[in-house]
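# Residue-level structural notes
One-letter residues, chain by chain:
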Amino acid sequence: MSVVPHDANQPEAAPEENAQGSPSVQDAGNPGFYPPRPEVGTQPAGQDAAAGAAELEAVRTQVAERIAGLADKTADLTKQATASAVAAGKGGLARAAKIGREKVIPELGRTGAKVRERTRPDRLKKDYRDFLLWLHANVLDSAIERLFFVPTKGNVPLAGLTLRGNNRASGHDYKPTPNSVFKWALAAVAEEDIGRMSFVDYGAGKGRVMLLASQYPFSQVGGIEFAEELHDNATMNIAQFPRSRMKCRNVECVLDDVVNITPLDGEAVHYFFNPFGPEIFAGVLKGIVASYHTRPRRLYVILIDMDAAELMHKTGVFQEVKLPAAERMQAQTLSPYTIAVYRSLA
């Protein structure tokens, strides 16, 4: 491409006649592409400012009045709600007080009475004794109970049974001696040579104590029972008891009233689990003492759940023997019955 230098002396070509002007240049009277400028107002600036301030103040006043109205309405609603709440609270307190007087306070009184009843020393003692009876019957005696042909656990009332003799009124219902109680009581005789001693159970029942005694090497084991049905049970249990467990197989239960029985002549352990009233016991004890005076010898009297310390002391023949320390501690904690063991002076 060539470049032609410009001649300064040559006149410039005139613009074409039909050439259009630039759109950026506008005539004063033609609006063209851009809108016309707004004309400046003819009012003074001070008057405009005053008018704007007055209008703003009017708006502020309206807003303030509206807020004040809402505040008054809210206050009224708050007062109404507070009054309703106070009234409801008063009504609720009144109802609560009425319920308290009619139901809560009496129930508290009844509960307090039950607590006082339950926490009385004699009641606590009874509850604990009931627990121990359950413990022996259902836990501690379960192994030995399986050895009996006729179950020996549980009490049996004398009412309805066929009895020998005329002492029905003095007899006590059947109840089994717990195995542990028997062992603790017999521990007081452990220092003796029981191989030359007899064992007698007064009120033999179903034969449980007789068969517990048969596991010791006594010379003989006997029992006395005046209820025919219980005697039959004892006889069957003696016949069916495992002989491998018996160190004494000379075991016999007699059906008779105890007042008709003469005490044995030899050394013996006399066992009483509260089988009859104090009058009958006093007569039996009198016979044992008379036998001792005829022939002084080693005798033991074991009393379970009986209060006969004064009567035993008056005999002048027997003195109380303490259980060995270990058995005494166990008996004090776990025995549901009192255990007292007496030994003759000879």
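Here's what I pulled together on the structure shown here. Computed from a predicted structure; not experimentally measured.

### Some points on the overall build of the protein chain
Looking only at helices and strands, the protein chain has nine helices and seven strands in total. Out of the 346 residues in the protein chain, the part that is buried amounts to 34%. Relative to all contacts within the protein chain whose residues are 6 or more apart in sequence, the contacts with residues 24 or more apart total 75%. With an accessible surface of roughly 22,500 Å², the protein chain has 56% of that area assigned to carbon and sulfur atoms.

### Some details on a nonpolar patch on the surface
Together, Tyr-128, Phe-131, Trp-134, Val-139, Leu-140 and Leu-334 make up a nonpolar patch on the protein surface, roughly 540 Å² of accessible area in all. Among the elements that make up the nonpolar patch, the one with the highest residue count is helix α2 (residues 121–140) (five residues). Among the secondary structure elements, Phe-131 is positioned in helix α2.

### Quick notes on the packing of aromatic side chains
Per the stated rule, a full pass over the model turns up 13 aromatic pairs. Following the ring pairs from residue to residue traces out a cluster consisting of Phe-182, Phe-199, Tyr-216, Phe-218 and Tyr-271.

### Quick word on the sheet that holds strand β4 (residues 268–272)
With respect to topology, seven strands assemble into an open sheet ordered β3-β2-β1-β4-β5-β7-β6, the strand pairing being mixed. Where the open sheet ends on each side, the last strands, each with one partner, are β3 (251–255) and β6 (318–321). Each strand axis lies, on average, 20° off the axis of its neighbour in the sheet, ignoring direction. The pairing of strand β2 (residues 220–225) with β3 spans five bridges and is parallel. Pairing of Ile-224 across the sheet is with Val-254, part of β3. Where helix α7 (residues 278–294) meets the sheet, its contacts fall on β1 (198–202), β4, β5 (299–304), β6 and β7 (339–344), and the angle it forms with β4 comes to roughly 175°.

### A short note on the layout of surface pockets
Counted as a void, the largest pocket has a volume near 280 Å³. In terms of lining, the largest pocket is formed by 17 residues, of which the most central are Val-200, Gly-222, Gly-223, Val-254 and Leu-264. Elements represented by at least two residues in the lining of the largest pocket include exactly β1, β2 and β3. By residue number, the principal contributor to the lining of the largest pocket is β2, which donates five residues.

### Structural notes on the side chain of Ser-214
The residue Ser-214 is located in the loop between α5 (208–213) and β2 in this model. Judged by relative accessible area, Ser-214 falls into the buried class, the value being 0%. Beyond its immediate chain neighbours, meaning those up to four positions away, Ser-214 contacts Val-221, Phe-241, Arg-245, Met-246, Lys-247, Cys-248 and Val-251.

### Focus on the pattern of salt bridges
Using the criterion set out here, one finds 13 salt bridges in the structure. Here Asp-141 and Arg-208 are joined by a salt bridge, their closest N and O atoms 3.0 Å apart. Of this pair, Asp-141 sits in the loop between α2 and α3 (142–145) while Arg-208 sits in helix α5; the two residues are 67 residues apart in sequence, bridging distant segments of the chain. One salt bridge connects Arg-196 with Glu-267, and the closest N-O pair in it is separated by 2.9 Å. With Arg-196 in the loop between α4 (179–186) and β1 and Glu-267 in the loop between β3 and β4, this residue pair connects regions lying 71 residues apart in the sequence. Taking relative accessible area as the criterion, Glu-267 reaches 18% and is therefore assigned buried. Through salt bridges that share partners, Arg-129, Lys-175 and Asp-305 make up one connected network.

### Thoughts on the nonpolar core
In a soluble, globular protein the nonpolar side chains are often hidden away together inside. Ranked by internal contacts, the top residues of the largest apolar core, which has 39 residues, are Phe-199, Phe-218, Ile-304 and Ile-339. Of all the secondary-structure elements, those providing two or more residues to this core are α4, α5, α6 (228–240), β3, β4, β5 and β7. Once residues lying within four places of it in the same chain are set aside, the contact partners of Phe-199 are Phe-182, Leu-186, Val-209, Ala-213, Phe-218, Gln-220, Val-221, Gly-222, Val-269 and Tyr-271. Counting residues in each nonpolar core, the second largest holds 24 residues, with Val-200, Phe-272, Val-317 and Tyr-342 among its members.

### Quick word on empty space enclosed by the protein
Under the criterion given, the structure shown has one cavity of 30 Å³ or more. The computed volume of the largest cavity comes to approximately 370 Å³. Looking at the lining of the largest cavity, the elements with two or more residues in it are β1, α5 and β2. Among the residues making up the lining of the largest cavity, the classes are represented as 15 nonpolar, nine polar and eight charged.

### Quick look at α6
Under the 1.5 Å per step criterion, the end-to-end length of α6 is 19 Å for 13 residues, consistent within 8% with the ideal 18 Å. Within the sequence span of α6, burial applies to Leu-230, His-231, Asn-233, Ala-234, Asn-237 and Ile-238. Looking down the long axis of α6, one finds its buried residues gathered within 160° of arc, a one-sided arrangement. As for α6, its buried residues are in contact with α5, β2 and β3.

Conventions and cut-offs
- Residues numbered from 1 in each chain as written.
- Predicted model: local features only at pLDDT ≥ 70, side-chain atom pairs only at ≥ 80, totals over all residues.
- Heavy atoms only, no water.
- Helix = DSSP H or I, 4+ residues; strand = E, 2+ residues; numbered from the N terminus.
- Buried < 20%, exposed > 50% of the residue type's maximum accessible area, 1.4 Å probe, protein only.
- Contact = heavy atoms within 4.5 Å.
- Areas by Shrake-Rupley, 256 points an atom, 1.4 Å probe, with all protein chains shown as cover.
- Patch = residues over 30% accessible without salt bridge, like charges linked within 9 Å, V, L, I, M, F, W, Y side chains within 5 Å.
- Salt bridge = Lys/Arg side-chain N within 4 Å of Asp/Glu carboxyl O.
- Phe/Tyr/Trp six-rings, centres within 6.5 Å; stacked < 30°, edge-to-face > 60°.
- Pairing = 2+ DSSP bridges.
- Axes fitted to C-alpha atoms, helices over the stretch in contact; angles between N-to-C directions.
- 1 Å grid on protein atoms, 1.4 Å probe; cavity = no way out; pocket = protein on both sides within 12 Å on 5 of 7 lines; lining within 4 Å.
- Points joined across faces, edges and corners; volume = space filled by probe spheres on them.
- Core = buried A, V, L, I, M, F, W, Y, C linked by side-chain atoms within 4.5 Å.
- Nonpolar A, V, L, I, M, F, W, Y, C, P; charged D, E, K, R; others polar.
- Expected span 1.5 Å × (residues − 1).
- Arc of directions from axis to C-beta.

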